[in-house]
Amino acid sequence: MAERRSFSEFVPLSAKKEADVNRLFKILKPYLPEQGWFYEEDALTDRSEKFLASEIIREKLFRLTGDELPYGCTVQIDQFDESDPALRRIAATIVVERDAHKGMVLGAGGERLKRIGTEARQELERLWGAKVFLELWVKVRSGWADSEEHLRSYGYE
């Protein structure tokens, strides 16, 4: 590799050996500038709580539907009320491409949607240390993933 490219350093090592890892850190240090923090020390992300809520719901959606549901769905937060610090009220819509996908999300008698909501709510309550009232809906919007307007409205750029 040293013959193929002009690297500042070439460091053969084994990550299993603590001495090699420590040697790598010493070599890297002069290349890393010291600077202040970009964000607060305890910040989890630079995204909003509304965005986090949609991503947690989406994660539960995909985890609990497994390979059944294609990734052509998204979560739109319709209402996010945090006026009461002890209770967050969230209304969200799961947007899918086809009627068959809606059935996959709902499950028999709505049981899968209920489980998605329960697991998402529990994780949000742990994250925020507050009670969460979560209301979920499922809507079919054919072709939403191919529409620039729909993508922008759902927060995709």
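Below is a short write-up of the structure. (Residues numbered from 1 in each chain as written. Predicted model: local features only at pLDDT ≥ 70, side-chain atom pairs only at ≥ 80, totals over all residues. Heavy atoms only, no water.)

Structural notes on the overall build of the protein
Consideration 1: Each helix and strand counted, the protein has 5 helices and 3 strands in total.
Consideration 2: For the protein, the succession of helices and strands along the chain, N to C, is α-α-β-β-α-α-β-α.
Consideration 3: Expressed as a percentage of the 157 residues in the protein, the buried residues total 25%.
Consideration 4: Taking the contacts inside the protein whose residues are at least 6 apart along the sequence as the reference set, 54% of them involve residues at least 24 apart.
Consideration 5: When the accessible surface of the protein is summed, it comes to about 11,400 Å², and 50% of that surface belongs to carbon and sulfur atoms. (Helix = DSSP H or I, 4+ residues; strand = E, 2+ residues; numbered from the N terminus. Buried < 20%, exposed > 50% of the residue type's maximum accessible area, 1.4 Å probe, protein only. Contact = heavy atoms within 4.5 Å. Areas by Shrake-Rupley, 256 points an atom, 1.4 Å probe, with all protein chains shown as cover.)

Quick word on the packing of helix H2 (residues 49-65) against helix H4 (residues 111-128)
Consideration 1: Here H2 crosses H4 at 140 degrees, and the two axes come no closer than 9 Å. The pairing of H2 with H4 is recorded here as oblique in orientation. Our pair here, H2 against H4, has a crossing hand that is right-handed. Taking contact as the criterion, the partners of Glu 49, Leu 52, Ala 53, Ile 56, Ile 57, Glu 59, Lys 60, Leu 61, Leu 64 and Thr 65 in H2 are, on H4, Arg 112, Arg 115, Ile 116, Glu 119, Ala 120, Glu 123, Leu 124, Leu 127 and Trp 128.
Consideration 2: Tallied by class, the residues present in the contact of H2 with H4 amount to 11 nonpolar, 1 polar and 7 charged. (Axes fitted to C-alpha atoms, helices over the stretch in contact; angles between N-to-C directions. Parallel < 35°, antiparallel > 145°, perpendicular 65-115°, else oblique. Left-handed = near helix turned anticlockwise from the far one by under 90°. Nonpolar A, V, L, I, M, F, W, Y, C, P; charged D, E, K, R; others polar.)

A short note on the nonpolar core
Consideration 1: Ranked by internal contacts, the top residues of the largest apolar core, which has 24 residues, are Ile 57, Ile 90, Ile 94 and Val 105.
Consideration 2: At the level of elements, H2, strand S1 (74-84), strand S2 (87-96), H4 and strand S3 (131-140) are the ones that each hand at least two residues to this core.
Consideration 3: Here this core gets 6 residues from one element, more than from any other, and that element is H2.
Consideration 4: Those residues in contact with Val 105 that lie beyond four places of it in its chain are Leu 61, Leu 69, Ile 94, Val 96, Arg 112, Leu 113, Ile 116 and Val 138. (Core = buried A, V, L, I, M, F, W, Y, C linked by side-chain atoms within 4.5 Å.)

Description of the sheet that holds S2
Consideration 1: The mixed open sheet is built from 3 strands, whose spatial order is S1-S2-S3. Of all the strands in the sheet, just S1 and S3 have a single pairing partner and so form its edges. Taking each pair of neighbouring strands and ignoring which way they run, the sheet shows an average axis angle of 15 degrees.
Consideration 2: Sheet analysis places S1 next to S2, joined by 8 bridges and oriented antiparallel. By the bridge assignment for S2, Thr 74 is matched with Val 95. (Pairing = 2+ DSSP bridges.)

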